[in-house]
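Residues per chain, in single letters:
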Amino acid sequence: MLYHVKPATLQGDITIPPSKSHTLRAILFASLATGKSIIHNYLPSPDTQAMINACQLLGARMTVTEQQIMITGVAGKPHIPADIIDAGNSGQVLRFIAALAALTDGYTILTGDHSIRTHRPMQPLLDGLTDLGVLAVSSKSDGFAPIIIKGALRGGEATLTGEDSQPVSALLIAAAFAPAATLIHVKNPGEKPWIDLTLDWFKKLGITYQRQDYTRYSVAGRSAYPGFEYTVPGDFSSCAFPVVAALITRSEITLHNVDMNDVQGDKALIFALQAMGALLEFDATQKTLQVKKSPEFSGKAINVNNFIDAVTILAVMGCFAQGETYITGAAIARTKESNRLAAITAELQKMGADIKEHADGLIIRPARLSGAHVDSHHDHRIAMSLAVAALAAQGETIIENTACVAKSYPDFAGALQQ
């Protein structure tokens, strides 16, 4: 798929899509519940389908319609899967399901697409599971999928590195259903708001745990809770793209389904944009965000680790800000769907951007962008960031390999066209 993007201004209203992270956690926790759960307003994406397929292989029963997912859970006792589990392009599915598979006493094989098998490190989670007595190995001995898991995880004490939050969340979730208590030590914790997101689900469901900073967790195990009903809120990671699109094209739009009280860490981007000069107005009752025409933007030093998914769109924003935008805390972005620091640098440079990588992030200075032929690197956030940049560039931009956008924002092009 190609995007052909010409310079444009925006007007009107956009409803942002449901949160991918909440959708996947809702399916996972419903699959572990006792009884039936109903999930409303879920994100229809390939990652969602991968989580549905994986949870079904662990024994959950599901009925899926366009409006909702009805799930009968396994009461905290996953089944030995009857087939290989394919995580597709989802690191979250790969990590979370691998940890849950450790609760069974059989063998589980998990794999995924090329990006999963080459860009999404599994060694931190494998190390943590090994500490707990689980057989957890990479089939190629390279720390990547395919991986082989054999439990059963009983509880105990584990240590893992935490620059990427997903292995930590995965181990926390599995420990919640172990038959004995688990003590988890985390070295170099990062992406902390995503841990908060997982622990917020623990609080909703009454799962017992104790936390010391983000370096030590004690999880009681033996968790049990009834089925639940849940409506997925809007996704702040996706909200970033139309917001920045409106800002750099000096447009005014209203975004709906924006709940500033939700725990998602990526809402921190909104405050970073305000610090750069963005004029934004919120309505907590209506859950709307209005983007106003802003006279100018100023480059800032921004540590993006707490909202790491925003690094590519912040790079675009930096092209239109006065002075230097210095992004730090972004090294983990190299191990997402693509090496995001290298990918966004290479593609924006094709458009004339003054952008450079450093070990921990990016340096961006203002530049006039021109249309170019660019590539998404099969990464949804790269694709959408380039499309936003193209709206404020001179001339037409062609973006290759945009089917990946369905991962988090299935109607991205249609929403902007409207």
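The structure contained in this document is the topic of the report that follows.

Calculation rules
Residues numbered from 1 in each chain as written. Predicted model: local features only at pLDDT ≥ 70, side-chain atom pairs only at ≥ 80, totals over all residues. Heavy atoms only, no water. Helix = DSSP H or I, 4+ residues; strand = E, 2+ residues; numbered from the N terminus. Rg over C-alpha atoms; globule rule 2.2 N^0.38 Å. Buried < 20%, exposed > 50% of the residue type's maximum accessible area, 1.4 Å probe, protein only. Contact = heavy atoms within 4.5 Å. Lys, Arg positive; Asp, Glu negative; His and termini not counted. Charge placed at Lys NZ, Arg CZ, Asp CG, Glu CD. Axes fitted to C-alpha atoms, helices over the stretch in contact; angles between N-to-C directions. Left-handed = near helix turned anticlockwise from the far one by under 90°. Nonpolar A, V, L, I, M, F, W, Y, C, P; charged D, E, K, R; others polar. Expected span 1.5 Å × (residues − 1).

Each helix and strand counted, the protein chain has 13 helices and 23 strands in total. Taking 418 residues into account, the globule formula puts the C-alpha radius of gyration at 22 Å, and the protein chain, at 21 Å, falls close to it. With the C-alpha coordinates aligned to their principal axes, the bounding extent of the protein chain is approximately 60 × 45 × 40 Å. Burial statistics for the protein chain: of 418 residues in total, 60% are counted as buried. The long-range share in the protein chain, meaning contacts at least 24 apart out of those at least 6 apart in sequence, stands at 75%. With 34 positive and 38 negative side-chain charges, the protein chain shows a spacing of 3 Å between the two charge centroids.

Two numbers describe a pair of packed helices, the interaxial angle and the distance between the axes. In contact at an axis separation of 8 Å, helix 3 (residues 91–101) and helix 6 (residues 165–176) are set at 35° when each is read in the N-to-C sense. Once helix 3 is placed against helix 6, the crossing between them reads as right-handed. Together, Gly91, Gln92, Arg95, Phe96, Ala99 and Leu100 of helix 3 and Gln166, Pro167, Ser169, Ala170, Leu171, Ile173 and Ala174 of helix 6 make up the contact between the two elements. Taken together, the residues that form the contact of helix 3 with helix 6 break down as 8 nonpolar, 4 polar and 1 charged.

Here we come to the side chain of Ser294. Among the secondary structure elements, Ser294 is positioned in the loop between strand 17 (288–292) and strand 18 (301–303). Beyond its immediate sequence surroundings of up to four residues, Ser294 is in contact with Leu247, Arg250, Gly277, Ala278 and Leu279.

Okay, helix 6 next. Taking 1.5 Å per residue as the helical rise, helix 6 with its 12 residues ought to reach 16 Å, and the 17 Å between its terminal C-alpha atoms agrees with that figure. Helix 6 sits mainly inside the fold: 12 of its 12 residues count as buried. All buried positions along helix 6 are accounted for by Ser165, Gln166, Pro167, Val168, Ser169, Ala170, Leu171, Leu172, Ile173, Ala174, Ala175 and Ala176.

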